[in-house]
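Each chain is listed here by its residues.
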Amino acid sequence: MAASFRLPPLPTVSELIKLYNLRAERQLSQNFLLDLRLTDKIVRQAGNLKNAHVCEVGPGPGGLTRSILNAGATDLLVVEKDSRFIPGLKLLSEAAPNRLRIVHGDILTYRMDRGFPPSICKPWEEEPPNLHIIGNLPFNVSTPLIISWLENIANRTGPFAYGRTRLTLTFQKEVAERLIARTKSKQRSRLSIMAQYLCTVHHRFTIPGRAFVPKPEVDVGVVHFTPLVQPLIQQPFKLVEKVVRNIFQFRRKFCHKGIGMLFPEACREALTEEMMHKADVEPTRRPTELTIPHIKALVDVYAHMCIRDPHLRGYEYREELRLKHLAKQRGAQTGMPSGTPESPEQPE
Ligand code: SAM
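The shown structure was predicted, so the numbers you read here are calculated from the model rather than taken from an experiment.

Asker: Residues and numbers for the domain arrangement of the chain, please.
Answerer: Domains assigned within the chain are domain 1 (2–227) and domain 2 (237–334). Contacts between the two partners involve 16 residues from domain 1 and, on the opposite side, 14 residues from domain 2. Interface area for domain 1 against domain 2, summed over the two sides, is near 1300 Å², with a carbon-plus-sulfur share of 69%. Area buried by domain 1 at its contact with domain 2 is led by Arg188, Arg190 and Ile193, which between them contribute 38% of it. In this assembly, domain 1 and domain 2 are joined by 2 salt bridges. A salt bridge links Glu241 to Arg190, with the nearest nitrogen and oxygen atoms 2.7 Å apart. Taken together, the links from domain 1 to domain 2 amount to 6 residue pairs in polar contact (both at pLDDT 80 or more). Classifying every residue of the side of domain 1 that touches domain 2 gives 7 nonpolar, 4 polar and 5 charged.

Asker: A description of the site of the ligand should follow, citing residues and the corresponding values.
Answerer: By nearness alone, 21 residues border the ligand, and Leu33, Gly58, Glu80, Asp106 and Asn136 come closest of all. Backbone polar atom of Leu33 to an oxygen atom of the ligand: 2.9 Å apart, as the coordinates give it. With respect to the ligand, the backbone of Lys81 contributes an N or O atom lying 3.3 Å from a nitrogen atom. Protein contact buries 97% of the 590 Å² of open area that the ligand shows by itself. For the shell around the ligand, the secondary structure elements donating two or more residues are strand 1 (32–33) and strand 3 (75–80). In terms of residue class, the shell around the ligand is made up of 9 nonpolar, 7 polar and 5 charged.

Asker: Lay out the packing of aromatic side chains in plain terms, naming residues and giving numbers.
Answerer: A full pass over the atoms with the stated rule returns 4 aromatic pairs. Aromatic side chains Phe263 and Tyr302 sit 6.0 Å apart centroid to centroid with 65° between the ring planes, which places their arrangement in the edge-to-face category. You can see Phe263 sitting in the loop between helix 9 (255–260) and helix 10 (268–279) and its partner Tyr302 sitting in helix 11 (residues 292–308), a full 39 residues away along the chain. The two residues Phe263 and Tyr302 agree in class, both being buried. Looking at Arg84, its charged tip hangs above the ring of Phe85, at a distance of 5.1 Å from the centre.

Asker: I'd like to hear about the pattern of salt bridges, residue by residue, with values.
Answerer: Per the stated rule, a full pass over the model turns up 17 salt bridges. Put simply, Glu151 and Lys238 hold a salt bridge, and the shortest N to O gap is 2.7 Å. Pair noted here: Glu151 is in helix 5 (residues 139–155) and Lys238 is in helix 8 (residues 237–248), with a separation of 87 residues, a long-range link. What makes Glu151 partly exposed here is its relative accessible area of 22%.

Asker: So what's going on with unusual backbone geometry? Residues and values would help.
Answerer: For the bond from Val213 to Pro214, the omega torsion is -15°, close enough to zero to count as cis. Position of Pro214 among the secondary structure elements: in the loop between strand 8 (212–213) and strand 9 (220–227). One non-glycine residue, Asn98, lies in the positive phi region at around 60°. In this structure, Asn98 sits in the loop between helix 4 (86–95) and strand 4 (100–104). Residue Asn98 is classed as exposed on the basis of its relative accessible area, which comes to 79%. Its identity as a non-glycine residue notwithstanding, Arg156 has a phi of 55°, on the positive side. Structurally, Arg156 is set in the loop between helix 5 and strand 6 (166–172).

Asker: Before we move on, can you summarise helix 6 (residues 173–180) with the specific residues and values?
Answerer: Within helix 6, the full set of buried residues consists of Val175, Ala176 and Leu179. Down the axis of helix 6, the smallest arc covering the buried residues is 105°, so these residues share one side. Buried residues along helix 6 sit against helix 5, strand 6, helix 7 (190–196), strand 7 (199–207) and strand 9.

Asker: Break down the pairing of strand 5 (residues 131–135) for me, citing the residues and quoting the values.
Answerer: Burial of strand 5 is extensive: 5 of the 5 residues sit out of reach of the surface. Of the two faces of strand 5, the one lined by Leu131, Ile133 and Gly135 and the one lined by His132 and Ile134 are each fully buried. Pairing analysis gives 5 bridges linking strand 2 (residues 53–57) to strand 5, with the strands arranged parallel. Bridge assignment links His53 to a residue of strand 5, and that residue is Leu131. Looking at chain direction, strand 5 and strand 6 are connected through 4 bridges and run parallel.

Asker: Let's hear about the nonpolar core: which residues, and what values?
Answerer: Core analysis: the biggest nonpolar cluster contains 65 residues, and Trp149, Phe225 and Met275 have the highest contact counts within it. Of the residues forming this core, the biggest block, 9 residues, is contributed by helix 11. Composition of this core by domain shows at least three residues from each of domain 1 (2–227) and domain 2 (237–334). Filtering out sequence-adjacent residues up to four positions away, Phe225 remains in contact with Ile146, Arg166, Leu167, Leu169, Phe171, Leu179, Ala195, Cys199, Thr200 and Val201. With 33 residues, the next largest nonpolar core counts Leu7, Leu33, Val54 and Leu64 among its residues.

Asker: Just give me the short version of the sheet that holds strand 7, but keep the residues and values in it.
Answerer: Spatially, 4-3-2-5-6-9-7 is the arrangement adopted by the 7 strands of the open sheet, whose pairing is mixed. Lying at the two open borders of the sheet, with one neighbouring strand each, are strand 4 and strand 7. Across the sheet, the axes of successive neighbouring strands diverge by a mean angle of 20°, strand direction being ignored. Sheet strands touched by helix 2 (residues 36–44): strand 6, strand 7 and strand 9. Its angle to strand 7, the strand with the most contacts, is close to 165°. Along the sheet, helix 6 contacts strand 6, strand 7 and strand 9; its crossing angle with strand 6, the most-contacted strand, is approximately 130°.

Reading guide: rules and limits
Residues numbered from 1 in each chain as written. Predicted model: local features only at pLDDT ≥ 70, side-chain atom pairs only at ≥ 80, totals over all residues. Heavy atoms only, no water. Domains from an automatic or database assignment. Contact = heavy atoms within 4.5 Å. Buried area = accessible area lost by both parts, 1.4 Å probe. Salt bridge = Lys/Arg side-chain N within 4 Å of Asp/Glu carboxyl O. Polar contact = N/O pair within 3.5 Å; in protein donor to acceptor, adjacent residues only side chain to side chain. Nonpolar A, V, L, I, M, F, W, Y, C, P; charged D, E, K, R; others polar. Near = heavy atom within 4 Å. Areas by Shrake-Rupley, 256 points an atom, 1.4 Å probe, with all protein chains shown as cover. Helix = DSSP H or I, 4+ residues; strand = E, 2+ residues; numbered from the N terminus. Phe/Tyr/Trp six-rings, centres within 6.5 Å; stacked < 30°, edge-to-face > 60°. Buried < 20%, exposed > 50% of the residue type's maximum accessible area, 1.4 Å probe, protein only. Lys NZ or Arg CZ within 6 Å of the ring centre and 35° of its normal. Arc of directions from axis to C-beta. Pairing = 2+ DSSP bridges. Core = buried A, V, L, I, M, F, W, Y, C linked by side-chain atoms within 4.5 Å. Axes fitted to C-alpha atoms, helices over the stretch in contact; angles between N-to-C directions.

Listed below in structure tokens is the structure:
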């Protein structure tokens, strides 16, 4: 019965903020959600949480935390970095005996693969486990975090050691739009490809900035991810990331330009032509026009080229740029020629 999960009367989140003097720290990009109808709506996007295990990242004063508990989660682990929020979270934990575990730590280093009982693991090919990750984190944390979790999905590690754990997270609206952007859309980017080759991604709804206290400059998108049983590109994450990063570094140019940067200058033209030809991708497509099957074909060909010539794998255009730049600076200091007469071309 849902009613049995509901929390007993408690001070409201706003009262708790006053009680514990929990000023939002602007430097830490803390923006709180105090409207429980809104936090309930975010939590509903995760699906049915009755008897679920949940990890909430960055609970702060605990608005979302209350909604997760009210939705029936029986094992909620919260990871909060800022010690000022711990006493308020303890109060919630007392109101929900044996249902709320508090970790005072950093989600970027927390070992979630040790946070839940191994009995909840589900084979990857089956239904997702009864484990959800939910969070409203600062934007400067949520973007690196999703990239690191996408790598975990590819390797079935971290939170994905339990199976295809689902995620419901907030992002700056523009980032949410990039995460779901389709081919040819203006927002299509590296993030769109990396998320969509590994997950089904939905931008569920947008929360206006004015709903937060204090109000951020931007609106916020609630995004739901379910890892795919079969990734759409079956190559190591780092290799996919390298190809995609290079393609999108010149996003307004033809795609052969970025692809060329996968290769050292001496063989750039020939190897770019070979890669485009073997992958059967027109060099004059723009990066935003490439579909995931196009990217898959390109990554597969590049992987073969790296087996043929293992030096390619470690080659990084940006590193070459950096070294050229350093050599030029040294040349300027000593008055000696640097050996790099032209200024290297800068990516966009
Ligand atoms: N979830 C609360 C809400 O919706 O009202 C708070 C949101 S506030 C934007 C982000 C919260 O994440 C803050 O409580 C902050 O201290 C916490 N936080 C920031 N970086 C974190 C990290 N690396 N690990 C864990 N918590 C973090």
